[in-house]
Structure formats: structure tokens, C-alpha cells
Amino acid sequence: ERERAAGGAAAAGRSRQRLRMSRPLAGGKRSLVKEDPWPPLNLVIMGAPGCGKGTLCRSIVEKFGVVHVSVGDVLRKRQHDGTDVGDQVAEYLRSGRLVPDELAIDIVVQELATEECKTRGWLLDNFPRTGDQAMSMIDLRIIPHKYIHIEVPDHVLMDRCLGRLTDPETGEIYHTKFNPPPDDPVITARLERREDDHEEAIKRRLELFHDNMDGVVDFIDDIRKEFDGQVPQEQLTSEVLAYIKPDAPLYAFESSRPAITTPEDVRAAFDAREELCEEPIEPEEGAEPPPEDAPPPPPAPLSVEGRG
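**Quick look at the pairing of strand E3 (residues 42-47)**
Most of E3 is tucked away, with six of its six residues classed as buried. Residues Asn42, Val44 and Met46 line one face of E3 and the alternating positions Leu43, Ile45 and Gly47 line the opposite face, and both faces are buried. Two strands pair when backbone bridges link them, and E3 and strand E5 (residues 122-125) are joined in this way by four bridges, in the parallel orientation. Each residue of the ladder has a partner; that of Asn42, found in E5, is Trp122. Bridge count between E3 and strand E6 (residues 146-151): five bridges; the pairing is parallel. Within E6, the position partnered with Met46 by the bridge is His149.

Shown next, in the form of C-alpha cells:
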């Protein structure tokens, strides 16, 4: 009798487990198909120097478990590796110039090819920086699900960069005025100031950032959302985290998930915007106007000028 009772309890437990796994479908039906996990998140965060990306990136990594991929961090490590490439990188960083597109793209491809990025997803920090880099992302099928753009006026960015201090052991970022470090001699002794955080280099970096962003935005405008980087950090973090992935149930079937942007979608959207922005061609003086039923002229071939 006890065995029958135990068997009945086990069966009831299995039944409850199946019910928990099921989820309502159209028409009130239920499915016993186990839910597929949400695919790893692929994100891009972009903003000028001093916009607060570092703090945001740590919150995003902690919340969603993605891998933080910062081309700038990789380059800053390479400048001290004693190689010819490292020496060239150091010179680019000291002057506030962008490294060649080929080097930046190569770093991204290597980082995203790791098993960790494939399984956990990734957060690309300030990449792509040029139109050519954006086009290469599409050609390489490196397509983010969402693009986070932090906007801060240049004069605020200058103040933030000039007073910025970084703890190399914890990654914590402080500021001499806005966010002073703790009164701990051990911490203050190891704080570092970036080599390119001086006024001349900052001005150059801001100019390059704005000059190159037009070519980038054209490619990712459909998945981009701007955030005001001057609001309190807690508010900014909350808004960005809510945008990345609002609290929602998982989807039971692949067909039920929202469509993920493909390279073809991004390029088609870019081509459509190019056609809308084309200025009408004025007829030459004395020339007869074209007939109303004449076909439109073919669009000019798409080209993105390289930007250093």
C-alpha cells in the first residue's frame, strides 16, 4: 500500500512538473514542449570619451552575463607588449587618433570568435567607429540586436575626461570632482590616469568621434536608441537595462520570437534611406522635361568613404 502511495505521489509530481513546463498557446491550448532559451544577447554601446560607458558596461555585464569586448582596452594592453605593432598603437593613442580600420576589425573578429562570446553573447564597446568598420560588420555577419548611444555635450565630456582616474585592479572609475575615490591610501596609490586624457588629445578624440559617427549611424539607425548621459547614473543605468531586455516570458517556439536583424535587413534599410535622401536632378537649361511616364534614373552605387 505504501509503495502504491509513493508511486502515486511521484506521478503527481511529474504531472505538476509537466504543467509548469507547459505554456498557454493560441485558443487556450497548452504545449508540453520545453521552452527554448533566449539566444545570447549581442549588443553595441557607443558614446564619446567620458560619457559614462565604463560604469554602464559593468552593469550590463552583471545583469545579462555578456562578455565585454572593448577594442580600446585591447589596444591599451598591446601598446606595452614590446612589438612593432604595439609601438604603432602607442603612438596612435598618445595623439588621440583612431587606429587603422583593419587592426580594429581584426581585434573584434578574434574576440568574438571565442567560445565565451558565442555562448554568453557580447557587448561591443565603441565599435564600429567608422563607416568602413560598420560595413565590415555587416559583411562579416556581426549584427547586434540593439545599439545603445549615450549623448553628452562636448564641454561636459571635457570636464569628465580631465578629472578621470581608474583603479587598474577593480576597473572602478573615479573623478577628482564628481566622484572622488575613497579615502584609502592603498587605493589612491594605485589609481591611474589614461595617457590620452589630456586636453589636446581629448579635443582630437571628440572631433574624430563626431566626424565618423555619421557614417556609422546610417548603418544601424533602425536598431539605435539614444540616451541622455547627463541624467543621474542610477537613472541612466535603469533606462539602459530596461531597453536591452525588458522583463518578459521566454518564447516556446523559434517562430514566436521577434525577428532578429539580418545583414540583408540592415543593408536594405540603408539603401532605402539613401534613396530618400537623394536630391532631385534639375534639368539643364533649355532641355525638355522628361515625360511623366519615364522610368526613374538608376540609383547611384552605394559607397562609404573610409575615415581614419
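**Re the packing of aromatic side chains**
Counting across every chain of the model gives one aromatic pair. Positioned over the ring face of Tyr243 is Lys146, at 4.8 Å from the centre of the ring. Its end group placed over the ring of Phe227, Lys225 keeps NZ or CZ at 5.6 Å from the ring centre.

**Some words on the sheet that holds E6**
In spatial order, the strands read E4-E5-E3-E6-E9; together these five strands make up an open sheet with parallel pairing. The strands lining the two open edges of the sheet, one partner per strand, are strand E4 (67-70) and strand E9 (224-228). When strand polarity is set aside, the average angle formed by the axes of neighbouring strands in this sheet is 20°. Sitting on the sheet, helix H3 (residues 71-78) touches E4 and E5, and the angle it makes with E4 is about 60°. Running at roughly 150° to E6, helix H10 (residues 199-220) makes contact with E3, E6 and E9 of the sheet.

**A word on helix H5 (residues 101-112)**
Between its first and last C-alpha, H5 extends 17 Å over twelve residues, near the 16 Å set by a 1.5 Å rise per residue. Here the buried face of H5 lies against E4, H3, helix H4 (84-95), helix H6 (115-120), E5 and helix H7 (131-139).

**Some thoughts on the state of the cysteines**
The tally for this structure, following the rule as stated, stands at zero disulfides. In this model Cys57 remains outside any disulfide bridge; the closest cysteine sulfur is found in Cys51, 8.6 Å from its own. Overall, Cys57 belongs to the buried group, its relative accessible area being 1%. The thiol of Cys161 is unpaired, and the distance to the nearest cysteine sulfur, on Cys51, comes to 8.9 Å. Given a relative accessible area of 0%, Cys161 falls into the buried group.

**A few points about the nonpolar core**
Counting residues in each nonpolar core, the largest one holds 56 residues, and the members touching the most others are Ile60, Leu124, Ile148, Ile150, Val240 and Ile244. Per-element accounting of this core gives the leading share, seven residues, to H10. In this view, Ile148 contacts Val44, Ile45, Met46, Ile60, Lys225, Phe227, Val240, Tyr243 and Ile244; residues no more than four positions away in its chain are not counted. Grouped together as the second largest cluster of nonpolar side chains are five residues, Ala134, Met135, Ile143 and Phe219 included.

**A few points about a negative patch on the surface**
Together, Glu207, Asp211, Asp214 and Asp218 line one region of the surface with negative charge. With respect to the helices and strands, Asp211 occurs in helix H10.

The rules behind the values
- Residues numbered from 1 in each chain as written.
- Predicted model: local features only at pLDDT ≥ 70, side-chain atom pairs only at ≥ 80, totals over all residues.
- Heavy atoms only, no water.
- Buried < 20%, exposed > 50% of the residue type's maximum accessible area, 1.4 Å probe, protein only.
- Helix = DSSP H or I, 4+ residues; strand = E, 2+ residues; numbered from the N terminus.
- Pairing = 2+ DSSP bridges.
- Phe/Tyr/Trp six-rings, centres within 6.5 Å; stacked < 30°, edge-to-face > 60°.
- Lys NZ or Arg CZ within 6 Å of the ring centre and 35° of its normal.
- Axes fitted to C-alpha atoms, helices over the stretch in contact; angles between N-to-C directions.
- Contact = heavy atoms within 4.5 Å.
- Expected span 1.5 Å × (residues − 1).
- Disulfide = S-S within 2.5 Å.
- Core = buried A, V, L, I, M, F, W, Y, C linked by side-chain atoms within 4.5 Å.
- Patch = residues over 30% accessible without salt bridge, like charges linked within 9 Å, V, L, I, M, F, W, Y side chains within 5 Å.
- Areas by Shrake-Rupley, 256 points an atom, 1.4 Å probe, with all protein chains shown as cover.
- Salt bridge = Lys/Arg side-chain N within 4 Å of Asp/Glu carboxyl O.
- Lys, Arg positive; Asp, Glu negative; His and termini not counted.
- Charge placed at Lys NZ, Arg CZ, Asp CG, Glu CD.

Interpretation in functional terms is not warranted from these geometric data alone.
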